[in-house]
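Residue-level structural notes
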Amino acid sequence: MSVRRLAKEQPASFAFSKATMEKAEWWIKKYPESRRQSAVIPILWLVQKQEGWVSEPAIRAIAELLDMAFIRVLEVATFYTMFMLEPVGKTALIQVCGTTPCMLRGANELMKVCKEKIGPKDHLSADGRFTWQEVECLGACSNAPMAQINDYYYEDLTPETMAQIIDDFAAGKSPKPGSYAGRHTSAPTGGAKTLLDPKLYDGSAAKPIKKLPNSDPAPVEKAPA
Amino acid sequence: MPVAKVNGVETEFEPGMTVLQVAERAGQEIPRFCYHERLSIAGNCRMCLVEVKPGPPKPQASCALPAADGQEIFTDTPMVKKAREGVMEFLLINHPLDCPICDQGGECDLQDQSMGYGRDGSRYAENKRAVEEKHMGPTIKTFMTRCIQCTRCVRFITEVAGVPDIGMISRGEDAEITTYLEKSVASELSGNVNDLCPVGALTHRPWQYHYRPWELKKTETIDVMDALGSNIRADYRGSEVMRVLPRVNEGINEEWLSDKSRYVVDGLTARRLDRPWIRENGKLRAATWNEALDAVAAKLKAASADRIGVIAGDLQDAESMKATLDLFRALGSKNTDSRQDGAVLGYGPREGWLFNTGLEGIEKADAVLIVGVNPRVEAPLLNARLRKSWIKGGVEIAVIGEQADLTFDYAYLGAGSKTLAKLPKAATDLLNKAERPAIIVGSGALAGEGGAAVLNALGALAKKTGVVTDSWNGFNVLHHAAARVAGLDMGFVPAEGGLTVAEMLKPGALDVLFLLGADEVDPTGSNAFRVYLGSHGDRGAHGADVILPGAAYTEKSGIYVNTEGRVQLAERVVFPKGEAKEDWAIIRALSARVDQTLPYDTLEQLRAKLMGDHPTFGRIDYLPAPVSFDVASLGAKGDLGDTVFTSVVTDPYLSNPIARASATMAELSALRIAPVAMAAE
């Protein structure tokens, strides 16, 4: 992570769309009136959903909506790396996990593909449709290497599948998220290896439960004499 | 009371105290950077680590840990020593070694504590981080590479000053202190963050590279930039006052100081009057003291007693006013006035012009009605106190007058005397309901034609709503001039049949007009022979016929009485400039030349006379207990009319001759008028 600054080029203004505003109101209502600013993170998310990134006029608009000082919203927006302070690719924002398990399983090769197809890290591609970033652990280590593209996880990637996914996005398709190794979530590749006995599933191994564990009444403590 | 053991010594403490406070009570010094008694607890510097039993087997941050009964606290174990060394080493990893060119060098918490608690050398060979400098306005110079992220500045500006402009952006090793898009900090208390900064990240911009702290000699004195009489320490080198820092006085300024009081010092060396001048054939020429005093004496002797008058200025010490008053009374003149703002105060009991609750006492009030004054402009530290009690809760505030941003919420009742004449029910309810209601009135409401009627109406309201009772006196006059209360206390008002300031300034009213440091009135309308005694070539000196160079507030020992009626002694820091003399001595010399020699030859004799005539001046540093008085008899019944109350201090940074001579004040003033233009710098 490097120093997070607002983008040099900023739009002249920002306005909440009707849908964003409705959702924002819903979030604000969750908190007592005097604690409106508690909704700052959800609303930053909503703004990012609407615009793709968080601009400086948007930060001011959020501050005014929540009755906060501008600097307080800026603090939150710069603290969390999930808030994009610069415009990102409208078609796909590719966040490749580069933390140890993914790195060991070939994240560097994925990034090489991204670099070839899109351009340098953290920058909009020449056509303005793609951005790729290296991020820290996204918590899908059992499916390493992986990348988050827009809102979904693409797992068990290889340089080839990564290239294919980028091409599909470029062609206007929406590639299917999930594992690209032909397995269900993080189940073993090539099917299950344990719990194969069919009796486990036909009910024949089941026994009636006589007593739930820890269900004995607590022993009554004797009052001291 | 619960008891804890600090290094084996049993120490009693009050419930709710932190381990750090208990250790301090036991006499153990705990190093700290982020912790500050008057700010919220952050607990992020980790310098205050101690060992606590019972507790986890690791050091604990004592500033954020509540002390418990029977707790054992250790501040000198090997674990604590090692922990402090570790924290210190981490803090120094990214701190530059630029102490020799750092303004904080010599009075730096980080320097001192690394000497006291740190390792002897560094094991860090990698590159240090560098942080870009930030613009924070004309008072704050930033060197953000030196910042250790204690966030004292963020907390002060947000909590005490009430202007949430400073924040910490990003996180981890990239965290930076900044303002939103580097706008200037819009607080009148911004200079305090430079004091609070434990390192050299935020330093005083107006004084940057002007001095090293060990070159300075220190004199404890009193500030005169507003009527609070803040306690200050003026540091000087040679004949120049280099800086002004606050001293702790819980009753007045706590440990803060307004930007004006602090950064006005460069005005003490600019536009000074350093020799007497006489106007001859329409042109001023340099003169000797003898010539100048003889010229004044000749005019005073030639004029008849009712054709001479004197106006005393806002920064005058009590002694020079007393000497002047004695001289003019001896000459038979009734035309003496110290109220340049024209407020109709000074008659009846002393409580009628004092801030009776006291500055500390205003925190006890549970309802405050502010009339015709903008405390943020006229008394920033009082405003900070009001904010403090507003944050604590339990006080409701209402305002009649300017609808300004006071950094706290208030009910706005109206703009002027019309509102006062037909007071909304909300206002009377507010005061009636309250147990300890208070009214704060400023000269914005008391000046001018309707002033007496306004004072009377407020007095009646105070009486009716229980603002003044036998046990509570909540009737407060907030002055804006340091000299005012002393002037009123000694009766520096027109004698029976005498002329007021406004009347004296009318053309043809007087033959000789003596301006004793009076710069806030425009004397050009008067065609009298004008004598100006003062320190700066300002409005009063402009067009004067004789100019007598006097001493500024740092150049004379003098008594000042603050708005609470607390008498304080200011000390001489440096000598008057050039041939200038102390004001009282000039008056004394003049008195001999008009054959009315004043009966005192030394300042001590003058003070004895002052205290003999007016015993209140004898109670130095003493705040009188609240006294009940007949508040309804104040002022005079009359038509309230329809005046809009506007603060007499239109621009606090240009409100006296010293401030007008100061380049820093000019910069702050420009920022006040056009904040956008400066922020784009």
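Residues numbered from 1 in each chain as written. Chains lettered and ligands numbered in written order. Predicted model: local features only at pLDDT ≥ 70, side-chain atom pairs only at ≥ 80, totals over all residues. Heavy atoms only, no water.

1. Some remarks on the overall build of chain B
A count of helical and extended segments in chain B gives 21 helices and 26 strands. Relative to its length of 681 residues, chain B is compact, with a C-alpha radius of gyration of 27 Å against a globular reference of 26 Å. Structurally, chain B occupies a C-alpha span of about 90 × 60 × 50 Å along its principal axes. In chain B, buried positions account for 61% of the 681 residues. Looking at chain B alone, contacts between residues at least 24 apart form 69% of all its contacts between residues at least 6 apart. For chain B, the computed accessible surface area is about 25900 Å², with 52% contributed by carbon and sulfur atoms. Looking at charge distribution, chain B has the averaged site of its 75 positive side-chain charges lying 1 Å from that of its 90 negative ones. (Helix = DSSP H or I, 4+ residues; strand = E, 2+ residues; numbered from the N terminus. Rg over C-alpha atoms; globule rule 2.2 N^0.38 Å. Buried < 20%, exposed > 50% of the residue type's maximum accessible area, 1.4 Å probe, protein only. Contact = heavy atoms within 4.5 Å. Areas by Shrake-Rupley, 256 points an atom, 1.4 Å probe, with all protein chains shown as cover. Lys, Arg positive; Asp, Glu negative; His and termini not counted. Charge placed at Lys NZ, Arg CZ, Asp CG, Glu CD.)

2. Quick look at the sheet that holds strand S5 (residues 72-74) of chain B
All names here are of chain B. If you trace the 5 strands from one edge of the open sheet to the other, you get S2-S1-S5-S3-S4, paired in mixed fashion. Of all strands in the sheet, those with a lone pairing partner are strand S2 (9-12) and strand S4 (60-61), marking the two edges. Where strand S3 (residues 49-53) and S5 come together, 3 bridges link them in antiparallel fashion. Of the residues in S5, the one forming a bridge with Val52 is Ile73. Running at roughly 150° to S3, helix H2 (residues 78-93) makes contact with S3 and S5 of the sheet. (Pairing = 2+ DSSP bridges. Axes fitted to C-alpha atoms, helices over the stretch in contact; angles between N-to-C directions.)

3. Topic: the domain arrangement of chain A
Domain parsing of chain A yields domain 1 (18-79) and domain 2 (92-179). Summarising the inter-unit geometry, the C-alpha centres of domain 1 of chain A and domain 2 of chain A are found 29 Å apart. (Domains from an automatic or database assignment.)

4. So, the environment of B:Phe328
Mapping B:Phe328 onto the fold places it in helix H8 (residues 318-330). Along the backbone, B:Phe328 and B:Gln596 are 268 residues apart, and their C-alpha atoms lie at a distance of 9.4 Å.

5. Re the pairing of S3(B)
Residues and elements named next belong to chain B. The element S3 is extensively covered by neighbouring structure, given that 4 of its 5 residues are classed as buried. As paired elements, S3 and S4 share 2 bridges and run antiparallel to each other. Paired with Val50 across the two strands is Gln60, which belongs to S4. Connecting S3 to the next strand, S4, in antiparallel fashion are 6 residues.

6. Quick word on helix H7 (residues 159-170) of chain A
All names here are of chain A. Compared with an ideal rise of 1.5 Å per residue, which puts 12 residues at 16 Å, H7 spans 16 Å between its outermost C-alpha atoms and is within 8% of the ideal. Where H7 is buried, its residues meet strand S1 (92-97), helix H6 (107-117), strand S2 (130-135), strand S3 (147-149) and strand S4 (152-155). Once H7 finishes, Gly172 follows within two positions and takes phi at roughly 90°, a positive value. (Expected span 1.5 Å × (residues − 1).)

7. A short note on helix H17 (residues 583-593) of chain B
Buried within H17(B) are the following residues: B:Asp583, B:Trp584, B:Ile586, B:Ile587, B:Arg588, B:Leu590 and B:Ser591. Residue B:Asp595 follows H17(B) closely and has a positive phi angle near 60°.

8. A short note on the confidence of the model for chain A
With 98% of its residues at a pLDDT of 70 or more, chain A shows a mean pLDDT of 92. Averaged over each element, pLDDT in chain A is lowest for helix H8 (residues 199-202) of chain A (88) and highest for helix H3 (residues 56-66) of chain A (97). (pLDDT = per-residue confidence, 0-100.)

9. Some details on a nonpolar patch on the surface
Residues and elements named next belong to chain A. The grouping of Leu195, Leu200 and Tyr201 at the surface amounts to a nonpolar patch, some 370 Å² of accessible area in total. Among the structural elements, Tyr201 can be located in helix H8. Judged by its relative accessible area of 59%, Tyr201 falls in the exposed class. (Patch = residues over 30% accessible without salt bridge, like charges linked within 9 Å, V, L, I, M, F, W, Y side chains within 5 Å. Salt bridge = Lys/Arg side-chain N within 4 Å of Asp/Glu carboxyl O.)

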